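Remarks on the overall topology
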Amino acid sequence: MSEAFYGVIPPTTTPFNAEGDIQYELMKPQIDWMVEAGVHGVCVGGSSAEGHTLDADELNKLLETSQEALGGRVPLIAGIIINSTRQAVERSRRARKAGAVALQVTPPHYVFHPSDDALVDHFRAISEESGLPVLIYNVVPWCYLRPALLRRIMREVPGVIGVKQSNGDLKLTADLLLDLPEGKLVFTAVDALLYPSFVLGVHGTIAANPAAAPKAVVKLWDLVKAGAHDEARTLHAGLLRFWNAILTDDLPANIKYAQSLQGVPFAYPRAPMRAPDDARKALIAEALKAIPH
């Protein structure tokens, strides 16, 4: 099953209107744009989608809408960002019925840090109850999973097929790859360092840059695979400048604006997040000129 997941898998954004309601009909043009860019899958309901703001019914309808839009062209991964094992299991079961073929699941993101044993049991329950492969989305700062714990979960829970590594420290990615259990996967969400992550041998990326500039990231992936490192490093520099332009606390809103410059219908973030101001818009537009889009 894990062999089906590789390469550039952008997270979709969620198209809210100014009142914060989801415009489900705008998922198809966004997904078509991503697939036409050559991506290898899409993830719906992750952090770029403001998944922490979605209730269970909203996530389920987004997945159903996205699966219909995809029409089987690439795999659909469901993002699960919720705090209790019970809630995560319930959302994961519904995700499978909606057409998702894998899950991207954060650890609990409340302020109390579960024990290692509790986290193993948490991901075991999600995997076994949903019947879907699970990627651990290692992103929550106060519940950050060490490489040793990640490897333990992957060894003890067969349904956990890998990790999406989101810390900016590339050494943590390298440490994960160094002793990775056989058959498991490491995806990178270290947007500033996609090129060196690809060179290290990660199995793909699910991250903000692929959501905002999928064509450029697919090209970077292909260049590294082809050994064209001079051209890849040049593209890396452009993507790094682009990342610096969109990197703020309102990142999902900035991704949406970048998408809108490339033909995706404009959408608002959900309050209290705000759309970028004119100065940020200008930075994004200028940085976008230097990369394929």
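Residues numbered from 1 in each chain as written. Predicted model: local features only at pLDDT ≥ 70, side-chain atom pairs only at ≥ 80, totals over all residues. Heavy atoms only, no water.

In the annotation of an unreviewed UniProt entry, the protein chain is listed under the name 4-hydroxy-tetrahydrodipicolinate synthase and assigned to Aureimonas altamirensis DSM 21988. The protein chain has a UniProt comment under Sequence similarities (unreviewed entry) that states "Belongs to the DapA family." (UniProt positions renumbered as here; feature names shortened; annotations may be inferred.)

**Some thoughts on the overall build of the protein chain**
Broken down by element type, the protein chain carries twelve helices and eight strands. Computed over C-alpha atoms, the radius of gyration of the protein chain comes to 18 Å, within 12% of the 19 Å expected from 2.2 N^0.38 for 293 residues, which places it in the range of a compact globule. The C-alpha extent of the protein chain, read off along each of the three principal axes, is 50 × 45 × 35 Å. When the 293 residues of the protein chain are sorted by exposure, 57% land in the buried category. Here the contacts in the protein chain between residues at least 6 apart in sequence split such that 70% fall between residues at least 24 apart. About 12,100 Å² of surface is accessible on the protein chain, with carbon and sulfur atoms providing 52% of the total. Of note, the protein chain has its 28 positive side-chain charges centred 1 Å away from the centre of its 32 negative side-chain charges. (Helix = DSSP H or I, 4+ residues; strand = E, 2+ residues; numbered from the N terminus. Rg over C-alpha atoms; globule rule 2.2 N^0.38 Å. Buried < 20%, exposed > 50% of the residue type's maximum accessible area, 1.4 Å probe, protein only. Contact = heavy atoms within 4.5 Å. Areas by Shrake-Rupley, 256 points an atom, 1.4 Å probe, with all protein chains shown as cover. Lys, Arg positive; Asp, Glu negative; His and termini not counted. Charge placed at Lys NZ, Arg CZ, Asp CG, Glu CD.)

**Remarks on the pattern of salt bridges**
Tallied over the full model, the rule gives 16 salt bridges. For the salt bridge of arginine 93 with glutamate 129, the shortest nitrogen-to-oxygen distance reads 2.4 Å. Of the two residues, arginine 93 sits in helix H3 (residues 85–98) while glutamate 129 sits in helix H4 (residues 116–130), which places them 36 residues apart along the sequence. Where salt bridges share partners, they join Asp117, Asp121, Arg124, Arg152 and Glu156 into one cluster. (Salt bridge = Lys/Arg side-chain N within 4 Å of Asp/Glu carboxyl O.)

**Brief notes about the side chain of serine 166**
Along the chain, the position of serine 166 falls in the loop between strand S6 (160–165) and helix H6 (170–178). Take serine 166: its relative accessible area is 18%, and that puts it in the buried class. Leave out the neighbours within four places in its chain, and serine 166 touches Tyr137, Asn138, Val139, Tyr144, Ala189 and Val190.

**Some thoughts on helix H5 (residues 147–156)**
An α-helix turns once per 3.6 residues; consequently, residues spaced three or four apart project the same way. Within the span of H5, buried status applies to Pro147, Leu149, Leu150, Arg151, Ile153 and Met154. Where H5 is buried, its residues touch H4, strand S5 (134–138), S6 and H6.

**Remarks on the sheet that holds strand S2 (residues 42–44)**
The strands that make up a sheet are held in pairs by hydrogen bonds between backbone atoms, and each pair lies either parallel or antiparallel. With respect to topology, eight strands assemble into an open sheet ordered S1-S8-S7-S6-S5-S4-S3-S2, the strand pairing being parallel. The open sheet is flanked by strand S1 (7–8) and S2, the only strands paired with a single partner. In this sheet, strand S8 (residues 204–205) lies alongside S1 in parallel orientation, the contact comprising two bridges. Bridged to glycine 7 within S8 is glycine 204. (Pairing = 2+ DSSP bridges.)

**Things to note about the packing of aromatic side chains**
For the structure shown, the criterion picks out three aromatic pairs. Judged by centre distance (5.0 Å) and plane angle (90°), the ring pair of phenylalanine 198 and tryptophan 221 falls under edge-to-face. Taken together, the positions of phenylalanine 198 in helix H7 (residues 194–200) and tryptophan 221 in helix H9 (residues 214–226) put the pair 23 residues apart, joining distant regions of the chain. Here phenylalanine 198 falls in the buried class, since its relative accessible area comes to 5%. An angle of 75° between the planes, with centres 5.1 Å apart, marks the rings of phenylalanine 266 and tyrosine 268 as edge-to-face. Since its relative accessible area comes to 36%, phenylalanine 266 is described here as partly exposed. (Phe/Tyr/Trp six-rings, centres within 6.5 Å; stacked < 30°, edge-to-face > 60°.)

**Regarding H6**
Those residues of H6 not exposed but buried are Thr173, Leu176 and Leu177. Take H6 and look down its axis: the buried residues cluster within an arc of 95°, on one side only. Opposite the buried face of H6, at more than 90 degrees from it, the exposed residues are Lys171 and Leu178. Residues of H6 that are buried make contact with H5, S6, strand S7 (185–188) and H7. The N-cap residue of H6 is aspartate 169: its side-chain oxygen and the backbone nitrogen of lysine 171 are 2.9 Å apart. (Arc of directions from axis to C-beta. Polar contact = N/O pair within 3.5 Å; in protein donor to acceptor, adjacent residues only side chain to side chain.)

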